[in-house]
Amino acid sequence: TGPEQEPRPRRRIGVMGGTFDPVHHGHLVAASEVGSRFGLDEVVFVPTGEPWQKVDDRRVSPAEHRYLMTVIATAANPRFTVSRVDIDRGGPTYTKDTLRDLAALYPDADLYFITGADALTAILSWKNPDELFQLAYFIGVTRPGHRLDGSGLPADRISLLEVPALAISSTDCRDRVADGEPVWYLVPDGVVQYIAKHRLYRPDAP
Ligand code: ATP
Ligand code: MG
């Protein structure tokens, strides 16, 4: 029998949603680690749409900046891609919409939604988490300063994974730029340069 007659195994696609304002090495290590542990064929980074309101009392950078920084950060990895589904839909992003759109784009794939402890807790408190579990398998990654309580989670749809400790957050990167401190080695080199070129996160920014 030729290879054309063998059933094609379902592709395994990781989905890494985030504001990515800016994307940093914590995101990249988490995606790489989950990709390796779960044998993922691809990890799709999905920057969120532009919220209509300020989030946590701050203005989120324009979607195009966050999208381009994510493209720069992931360009060298053949298994990393970036999707515009949340940006092009517009408005605040709901994981349900992200997963529906990606399921339509990747009909032959199983989706693995990768998320930090903070976001996972929020997702599970939603009205209808079962709907999310039908769309994807969830992988909660722990980061320094956050603890994941596995009790009460549906074990068949969620895994918890500790990623190498990287105490990096976008909030800290933004604060550093605003204070004139370096973000070299916290974010990819191209992202350092993009931030400087576009004067992002500066106190005098418009
Ligand atoms: P902010 O400080 O603005 O909240 P962030 O660093 O948490 O930014 P997000 O874009 O909000 O970055 O994160 C996207 C996803 O990556 C979330 O699921 C978040 O929990 C996860 N994440 C963020 N930083 C890390 C890290 N250092 N290690 C592992 N996962 C992380
Ligand atoms: Mg966050």
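For the structure, check the block above.
Here the residue index of a chain counts from 1 through its sequence in written order. All chains are assigned letters beginning at A, and all ligands numbers beginning at 1, according to the order in which they are written. Per-residue local features are limited, in this predicted model, to residues with pLDDT of at least 70; the limit for side-chain atom pairs, both in listing and counting, is 80 or more; totals at the level of whole chains, interfaces and linings are taken over all residues. In computing side-chain values, all of the structure's heavy atoms are included and hydrogens and water are not.

Caption draft 1: The arrangement of the overall build of the protein in detail. Along the backbone of the protein there are 8 helices and 6 strands. Each helix and strand of the protein, placed in order from N terminus to C terminus, yields the pattern β-α-β-α-β-α-α-β-α-α-β-β-α-α. Projected onto the principal axes, the alpha-carbon positions of the protein cover approximately 65 × 40 × 35 Å. A burial count over the protein gives 45% of its 206 residues as buried. Two residues form a contact once any of their heavy atoms are found within 4.5 Å. In the protein, once contacts between residues fewer than 6 apart in sequence are set aside, the share between residues at least 24 apart is 69%. Where accessible areas are quoted, they stem from the Shrake-Rupley method and a 1.4 Å probe; at the residue level, only the protein chains shown are allowed to cover. Carbon and sulfur atoms make up 50% of the accessible area of the protein, which totals about 11400 Å². Averaging the positions of the 23 positive and the 28 negative side-chain charges in the protein gives two centres separated by 2 Å. Here a helix means four or more residues in a row that DSSP labels H or I, a strand means two or more in a row labelled E, and each is numbered from the N terminus. Partly exposed describes any residue whose relative accessible area lies between the buried limit of under 20% and the exposed limit of over 50%, with all areas from a 1.4 Å probe on protein chains only and scaled to the type maximum. The charged-residue count follows a simple rule in which Lys and Arg add positive charge and Asp and Glu add negative charge, with His and chain termini not counted at all. Taken as the charge centre is NZ of Lys, CZ of Arg, CG of Asp or CD of Glu, depending on the residue.

Caption draft 2: The layout of surface pockets, seen in detail. With a 1 Å grid laid over protein atoms only, a set of points is called a cavity when a 1.4 Å probe fits there but cannot get out and a pocket when it is open yet has protein on both sides within 12 Å along at least five of seven lines; lining residues have an atom within 4 Å of a point. Grid points are joined across faces, edges and corners, and a volume is the space filled by probe spheres set on the points. The volume enclosed by the largest pocket comes to roughly 1300 Å³. The nonpolar class holds Ala, Val, Leu, Ile, Met, Phe, Trp, Tyr, Cys and Pro. Asp, Glu, Lys and Arg form the charged class, and all remaining residues, Gly among them, are polar. Looking at the lining of the largest pocket, its residues break down into 22 nonpolar, 17 polar and 7 charged.

Caption draft 3: A look at the nonpolar core. Of all hydrophobic cores here, the largest spans 33 residues; its most connected members are Met16, Val34, Phe38, Val43, Phe45, Met69 and Ile139. Elements represented by at least two residues in this core include exactly α1 (25-37), β2 (42-47), α2 (63-74), β4 (109-116), β5 (137-142), α7 (170-178) and α8 (189-197). Remark: nonpolar core denotes a set of buried residues (Ala, Val, Leu, Ile, Met, Phe, Trp, Tyr, Cys) joined through side-chain atoms within 4.5 Å. In terms of nonpolar packing, the next biggest core, distinct from the first, is built from 18 residues, Leu111, Phe113, Ile123 and Ala136 among them.

Caption draft 4: Quick peek at the environment of Val46. Along the polypeptide, Val46 turns up in strand β2. Expressed as a C-alpha distance, the spacing of Val46 and Val85, which sit 39 residues apart in the sequence, is 7.2 Å. Setting aside anything within four residues of it in sequence, one finds Val46 in contact with Val15, Met16, Gly17, Gly18, Phe20, Ser83, Val85, Asp86, Thr98 and Leu102.

Caption draft 5: α1, seen in detail. In this scheme, a helix's expected span is set at 1.5 Å multiplied by one less than its residue total. If you check α1, its first and last C-alpha atoms are 18 Å apart, about what 13 residues at 1.5 Å a residue would give, namely 18 Å. Inspection of α1 places Gly26, His27, Leu28, Ala30, Ala31, Val34 and Gly35 among the buried residues, and these make up the whole buried set. Phi turns positive one or two residues past the end of α1, at Gly39, with a value near 60°.

Caption draft 6: Summary view of the sheet that holds β5. Strands were regarded as paired on the criterion that DSSP finds at least two bridges between them. Strand order in this open sheet of 6 strands is β3-β2-β1-β4-β5-β6, and the pairing throughout is parallel. The open sheet has two edge strands, β3 (80-82) and β6 (158-162), and neither has a second partner. The average angle at which neighbouring strand axes cross in this sheet is 25°, direction not considered. Alignment of β5 against β6, held across 5 bridges, turns out to be parallel. Axes here mean lines fitted to C-alpha atoms, for a helix over just the part in contact, with angles spanning 0 to 180 degrees between N-to-C directions.

Caption draft 7: Broad picture of the packing of aromatic side chains. Any Phe, Tyr or Trp ring, taking Trp's six-membered ring, that has another such ring centre within 6.5 Å forms a pair; planes under 30 degrees apart are called stacked, those over 60 apart edge-to-face, and the others tilted. All chains considered together, the criterion is met by 8 aromatic pairs. Plain terms: the ring middles of Phe113 and Phe138 are 5.4 Å apart, the flat faces sit at 45° to each other, and that makes the pair tilted. Note that Phe113 is positioned in strand β4 and Phe138 in strand β5, a separation of 25 residues in sequence. Taking relative accessible area as the criterion, Phe138 reaches 0% and is therefore assigned buried. By the ring-pair criterion, three or more aromatic residues cluster together here, those being Phe20, Phe45 and Phe80.

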